[in-house]
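# Notes for the structure review
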Amino acid sequence: MNSLIDKYNIPGPRYTSYPTVPFWDESTFSPQKWEKTVVKAFHESNAEEGISIYIHLPFCEALCTFCACHKRITKQHSVEIPYLESVLKEWKLYLKLFNERPKLKELHLGGGTPTFFSPQNLKTLLEGIFETVEIAEHPEFSFEGHPNNTSKDHLQTLYDLGFRRVSFGVQDYDPKVQKAINRIQPFEKVKEVTEWAREIGYRGISHDLVFGLPHQSWEAMEHTIRKTMELKPDRLAFYSYAHVPWIKGVGQRGFDENDLPSGEEKRRLYEDGKTLLEELGYIEVGMDHFSLEHDDLYQSLIQKKLHRNFMGYTSSKTQLMVGLGMSAISDSWYAFAQNVKTVEEYQKTVEEGRIPVIKGHILNEEDLIIRRHILNLMCQLETSFDTQNSFPELENAFKMLREMEKDELVEIYDRQIRITEKGRAFTRNVAMVFDLRMMRNKPETRIFSMTI
């Protein structure tokens, strides 16, 4: 395995989209083109599957030095109401594009720290959206909760509004690791909020764990996993730490790179962590995720309905995902669009009556074919080819895959490839084989985290 790590541990995307953000072609994009694809996607999908809304709530009271998200650090809670008013104004701008009432299938509150906002202010925001939509049958409403500031009132208020899933960011229980990443939270606090959620009636409780953090050892990781098992969350995200300190604003400066586990050590954290999780009854779903058999995520895998988008893995699929808030990314299937990246510019643009998109990408026919293959690999660990809808450059992918086949990472059957159990750890590498945009425009500087 060590020789494979040396061979395949290279910078690469996580493929929450294709093309990935660094390779978006902004020369063919405009806000007007984006709005046309939104209207097209809405009319193609609203009556049946409905739409998704992602709301980016960027404020945090303290900077976690492992975080690569767009956020604003402040202890001033006076920012809450003006920001939420802007989110509702942005939503009304999208409503003007639709000539019928949207059916809301999926809603996610991400951050930042959504529970930075008071329960009452979150209620006002959500009721403002709900009064404009029809709620789909069996909706999927979820939010990210910081264990240190998620109150029972938060949990109850959101549950009463239809939320049934909550994800708590745990990362690691080792005090030395927590100090390095500036995320001090005792197990007792996580236990308290998890038990509150279960008592209230949440049917999907998830914990986020991260491997590859500074000072992290297997002994500490094993302790974290075993403590997590005392609470038995329905699902787990077991993420590889993405070290990208060169990206402006990420704050990954609280430790020395020498404090990070080596590629070999990091791989052991994952492999041994995966083995322990499976021994404890969890099943690996896609990449980085594990769930118990009763959880919707596992059931969607079995039914081949697992989906992946900018919110990560989801058990329901919608064609249109509208991202609201500073830096939020939207997806119409035919195009991607990202909002402006500062709170001030976001609020100013919305106040002027414009959807606050700053950049995006219109997918061409080739993009749509590649996107489907990468999505299949990320969700089902396999993909098939129709010779009628292929093109010469895609044939080159098979030449590169032959090397991976020798390493027992994939199996190739005529026009189909499957990622093996051994190859699961290298899923991102397999997907990269099909990334024509990256192949044609190889970055001169490093822009992605390492794949392992």
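In case you missed it, the structure is sitting above this.
Before going into details, it helps to say that this report is about the structure given with it.

Scoring rules and cut-offs
- Residues numbered from 1 in each chain as written.
- Predicted model: local features only at pLDDT ≥ 70, side-chain atom pairs only at ≥ 80, totals over all residues.
- Heavy atoms only, no water.
- Helix = DSSP H or I, 4+ residues; strand = E, 2+ residues; numbered from the N terminus.
- Rg over C-alpha atoms; globule rule 2.2 N^0.38 Å.
- Buried < 20%, exposed > 50% of the residue type's maximum accessible area, 1.4 Å probe, protein only.
- Contact = heavy atoms within 4.5 Å.
- Areas by Shrake-Rupley, 256 points an atom, 1.4 Å probe, with all protein chains shown as cover.
- Lys, Arg positive; Asp, Glu negative; His and termini not counted.
- Charge placed at Lys NZ, Arg CZ, Asp CG, Glu CD.
- Expected span 1.5 Å × (residues − 1).
- Salt bridge = Lys/Arg side-chain N within 4 Å of Asp/Glu carboxyl O.
- Polar contact = N/O pair within 3.5 Å; in protein donor to acceptor, adjacent residues only side chain to side chain.
- Core = buried A, V, L, I, M, F, W, Y, C linked by side-chain atoms within 4.5 Å.

When helices and strands are tallied, the chain shows 15 helices and 19 strands. For the chain, whose C-alpha radius of gyration is 21 Å, the value lies close to the compact-globule estimate of 22 Å for 452 residues. By the burial criterion, 60% of the 452 residues in the chain qualify as buried. Considering only residue pairs separated by 6 or more positions, the chain has 74% of its internal contacts joining residues 24 or more positions apart. For the chain, the accessible surface area stands at approximately 18,900 Å², while carbon and sulfur atoms represent 49% of it. Each charge sign in the chain was given a centre, from 57 positive and 67 negative side chains, and these centres are 2 Å apart.

This part takes up the environment of isoleucine 412. Tracing the chain through its elements places isoleucine 412 in strand 18 (residues 410-413). Once the C-alpha coordinates of isoleucine 412 and arginine 428 are considered, the two residues, 16 residues apart in sequence, prove to be 17 Å apart. When residues no more than four places from it in sequence are discounted, the contact partners of isoleucine 412 are Phe398, Leu401, Arg402, Glu405 and Ile417.

When the terminal C-alpha atoms of helix 9 (residues 263-279) are compared, their 24 Å separation across 17 residues agrees well with the 24 Å that a helix rising 1.5 Å per residue should span. The set of residues buried in helix 9 consists of Lys266, Arg267, Leu269, Tyr270, Gly273, Lys274, Leu276 and Leu277. Following helix 9 by one or two positions, glycine 281 has its phi on the positive side, about 100°.

For glutamate 106, the location among the structural elements is in strand 4 (residues 103-111). Buried glutamate 106, no salt bridge; nearest opposite-charge side chain is arginine 235, N-O distance 8.2 Å. Among the polar contacts made by the side chain of glutamate 106, one reaches the side chain of serine 52 at a distance of 2.7 Å. Every residue in contact with glutamate 106, bar those within four places of it in the chain, is listed here: Ile51, Ser52, Ile53, Glu140, Phe141, Asn309, Met311, Thr314, Ser316 and Thr318.

Moving on, we come to the nonpolar core. Formed by 60 residues in total, the largest nonpolar core has its most connected members in Phe238, Leu401 and Phe434. No other element matches the six residues that helix 12 (residues 365-380) contributes to this core. Residue contacts for phenylalanine 238: discarding those within four places in its chain leaves Leu209, Phe211, Met221, Ile225, Leu269, Tyr270, Gly273, Lys274, Leu277, Asp288 and Phe290. Listed in part, the 56 residues of the second largest apolar core include Ile53, Leu122, Val166 and Ala337.

Any two side chains of opposite charge can pair, on the condition that their charged atoms come close. According to the stated counting rule, one finds 28 salt bridges in the structure shown. Of the charged contacts in the structure, one is a salt bridge between glutamate 195 and lysine 191, with a shortest N-O distance of 2.9 Å. With glutamate 195 and lysine 191 both in helix 7 (residues 187-200) and four residues apart, the pair spans about one turn of that helix. Under the relative-accessibility criterion, lysine 191 is labelled partly exposed at 32%. Notably, a salt bridge pairs arginine 424 with glutamate 421, separated by 3.5 Å at the nearest N-O pair. Each of Glu140, Arg165, Arg203, Arg235, Asp295 and Asp296 takes part in salt bridges that share partners, so that together they form one network.

Turning our eyes to something else, we now look at the side chain of arginine 235. You can see arginine 235 is positioned in strand 8 (residues 235-240). The class for arginine 235 is buried, based on a relative accessible area of 11%. Filtering out sequence-adjacent residues up to four positions away, arginine 235 remains in contact with Arg165, Ile205, Ser206, His207, Tyr282, Phe290, Ser291, Asp295, Asp296 and Leu297.

Interpretation in functional terms is not warranted from these geometric data alone.
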